[in-house]
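Survey of secondary and tertiary structure
Read off the chains here:
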Amino acid sequence: MDLLAISSNERAEILKHYDVSEAQVKEDVELIKSWKQKQPHLPENISDDFIARIFLRNKFRVERTKEKLDNYFTLRGYHDDLVKDLENIVPSKHFITHLPMPKLTPNHERVIIMKLINRDAEVYDMKELIKLDLAVTEILLQYDDSIGVRYVIDFGGFTLKHLTKWNPVLLLKNVTLVEKAYSCRIMGVHCVNFPEFAGKILGILKTVLRSKIYDKLKIDSGLESLCEAMPKECLPSEYGGSCSNIHSLLKKWDEVFHNHRNFFLESYKNVSFFYYYYYY
């Protein structure tokens, strides 16, 4: 997919970073496929590319990849209410963005912008926020060859009324799915426009994030600080970047979601397969 495509040079640099070759990757993917065939609870329609991306996200470790491949189906099955109806999401009409930037950082990370589009606290819904997060993460797992994600979370317009809608239980489920089911590696979290009640926000985040991730939180003093942390070509124009503006990028993601409607429906069938296997 063009919005997430990386160059052959970037691919080569990533393999070099982990000291593996394309031949080794193919050989190990075959090992993982052989293991998968002995797991009757896993669906048969799992592509080599899908396995290879989970392999990449787990630093090309075979046993960890087996664990995360299993997690992808089992954990989504346990939390099927959060991965249902993703085919109905229209990113530009959501109250918040979960927007991947087209260009990777020099460290081969994917920048994701989270920003309120509709600041009305009445429409703020934690479950719908999580569904958007998981839907985009699902797409990334199909096409993205970055080594991890770096979040930019813009708290502009975020009020105490929004905060009262945070549900720590749901947040923890979200973090668990992102890390353990989707093998997402969180490389950093940059918070901008942090409100005066920052302590309350950080208190909740500390209860749901692993200490390793919580320690990666960075409160940027402004756009200048943010641009110092990552190249301008990895940021939208609203943040002083040279990439397109958020609205234009969201429209492109509307098209991605429209074109992947059947994909989301089929993906949910695999969740149903898990339930059928275990409960019938």
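In this report, we go over the structure that sits alongside the text. In this text, all values refer to a predicted model and were calculated from it rather than measured experimentally. (Residues numbered from 1 in each chain as written. Predicted model: local features only at pLDDT ≥ 70, side-chain atom pairs only at ≥ 80, totals over all residues. Heavy atoms only, no water.)

1. Notes on the pairing of strand β2 (residues 109-115)
With six of seven residues buried, β2 is to be regarded as a mostly interior element. Both strand β1 (residues 99-100) and β2 contribute to a ladder of two bridges, which runs antiparallel. Within the sheet, the bridge partner assigned to Pro100 lies in β2 and is Ile112. Summarising the sheet, β2 and strand β3 (residues 148-154) pair through seven bridges and their orientation is parallel. (Buried < 20%, exposed > 50% of the residue type's maximum accessible area, 1.4 Å probe, protein only. Helix = DSSP H or I, 4+ residues; strand = E, 2+ residues; numbered from the N terminus. Pairing = 2+ DSSP bridges.)

2. Details of the environment of Leu209
In this fold, Leu209 is placed in the loop between α8 (198-208) and α9 (211-214). Each C-alpha atom of the pair Leu209 and Thr176 lies 9.2 Å from the other, and the pair is 33 residues apart in sequence. Setting aside its immediate chain neighbours within four residues, Leu209 contacts Val175, Tyr214 and Leu217. (Contact = heavy atoms within 4.5 Å.)

3. A look at the packing of aromatic side chains
Enumeration over the complete set of coordinates arrives at 14 aromatic pairs. Between the aromatic rings of Tyr18 and Phe60, the centroid separation amounts to 5.5 Å while the plane-to-plane angle is 70°, which identifies the pairing as edge-to-face. Of the two residues, Tyr18 sits in the loop between α1 (8-17) and α2 (22-36) while Phe60 sits in the loop between α3 (48-57) and α4 (62-78), which places them 42 residues apart along the sequence. For the pair formed by Tyr18 and Phe60, the shared burial category is buried. With 5.4 Å between their ring centres and 40° between their planes, Phe257 and Phe264 make a pair best called tilted. What makes Phe264 buried here is its relative accessible area of 3%. Taken together, Phe95, Tyr124, Phe155, Phe158, Trp166, Phe194 and Phe197 form an aromatic cluster joined through their ring pairs. Residue placement shows Arg76 over the ring face of Tyr72; its charged tip is 4.2 Å from the ring centre. (Phe/Tyr/Trp six-rings, centres within 6.5 Å; stacked < 30°, edge-to-face > 60°. Lys NZ or Arg CZ within 6 Å of the ring centre and 35° of its normal.)

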